[in-house]
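Each chain is listed here by its residues.
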Amino acid sequence: QVQLVESGGGLVQAGGSLRLVCAASGPTASRNSMGWFRQAPGKERGFVATISWNGDSTFYADSVKDRFTISRDNAKNTVYLQMNSLKPEDTAVYSCAAATRVLGLPRLIRHFDYWGQGTQVTVSS
């Protein structure tokens with residue numbers, strides 16, 4: 001069992017930055033590949049970024065590549081999403097997720113077993 005709690009969302013102007021934090025708890029929290037997803041109003045949940053269990057490998061959606069950075073600190077059971085050069089189209093509820101059955105860099109929703117409640121990010125133009 002893994003519990004996930006996100007924080008760090010908010011309202012920011014276009015071009016600004018935010019850092020999202022995902023705090024994980026549970027006996028295997030530091031051994032799972034982790035991902036960030038987002039869901040905008042009226043749209044399906046979409047993949048943003050993923051990181052391997054040890055942080056050595058990452059993968060990003062094309063829409064956020066070179067602007068967002070996913071990282072983790074296993075000593076703190078925490079995963080981060082640094083978001084720079086934010087655009088209005090980045091507005092969404094962002095959720096972190098843990099994959100306990102898939103190694104490497106999972107990126108499909110079905111690869112992830114546990115989800116946080118989400119944090120709202122709003123980018124104004």
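Our subject is the structure listed above.
Thresholds applied
Residues numbered from 1 in each chain as written. Predicted model: local features only at pLDDT ≥ 70, side-chain atom pairs only at ≥ 80, totals over all residues. Heavy atoms only, no water. Salt bridge = Lys/Arg side-chain N within 4 Å of Asp/Glu carboxyl O. Helix = DSSP H or I, 4+ residues; strand = E, 2+ residues; numbered from the N terminus. Buried < 20%, exposed > 50% of the residue type's maximum accessible area, 1.4 Å probe, protein only. Core = buried A, V, L, I, M, F, W, Y, C linked by side-chain atoms within 4.5 Å. Pairing = 2+ DSSP bridges. Axes fitted to C-alpha atoms, helices over the stretch in contact; angles between N-to-C directions.

1. Structural notes on the pattern of salt bridges
Okay, step 1: Counted according to the given criterion, the structure contains four salt bridges.
Okay, step 2: One salt bridge connects Asp-90 with Arg-38, and the closest N-O pair in it is separated by 2.9 Å. Here Asp-90 is found in the loop between strand E8 (78-83) and strand E9 (92-99), whereas its partner Arg-38 is found in strand E4 (residues 33-39), with 52 residues between them in sequence.
Okay, step 3: The class for Asp-90 is buried, based on a relative accessible area of 0%.
Okay, step 4: Classification of Arg-38 as buried rests on a relative accessible area of 16%.

2. Let's talk about the nonpolar core
Okay, step 1: Counting 34 residues, the largest nonpolar core has Trp-36, Leu-81, Met-83 and Tyr-94 as the members making the most contacts within it.
Okay, step 2: Those elements that place two or more of their residues in this core are strand E3 (18-25), E4, strand E5 (46-51), strand E7 (68-73), E8, E9 and strand E11 (119-124).
Okay, step 3: Among the elements that take part in this core, E9 stands out by supplying six residues, more than any other.

3. What to know about the pairing of E3
Okay, step 1: Side chains Leu-18, Leu-20, Cys-22 and Ala-24 project from E3 onto a buried face, and the interleaved Arg-19, Val-21, Ala-23 and Ser-25 project onto a face without burial.
Okay, step 2: In this structure, strand E1 (residues 3-7) lies alongside E3, joined through five bridges in antiparallel fashion. Note on E3: the bridge partner recorded for Gln-3 is Ser-25.
Okay, step 3: The pairing of E3 with E8 spans six bridges and is classified as antiparallel. Directly across from Cys-22, in E8, lies its bridge partner Val-79.

4. Digging into the sheet that holds E3
Okay, step 1: Pairing is antiparallel in the open sheet, where four strands are placed in the order E1-E3-E8-E7. Where the open sheet ends on each side, the last strands, each with one partner, are E1 and E7. In this sheet, adjacent strand axes meet at a mean angle of 15° when their direction is disregarded.

5. Description of the pairing of E11
Okay, step 1: Here E11 shows a buried face lined by Thr-119, Val-121 and Val-123 and an unburied face lined by Gln-120, Thr-122 and Ser-124.
Okay, step 2: Strand direction decides the pairing type here: strand E2 (residues 10-13) and E11, joined by four bridges, are parallel. Residue pairing for E11: Gln-13 is matched across the bridge by Ser-124.
Okay, step 3: Two strands pair when backbone bridges link them, and E9 and E11 are joined in this way by three bridges, in the antiparallel orientation. Within E11, the position partnered with Tyr-94 by the bridge is Thr-119.

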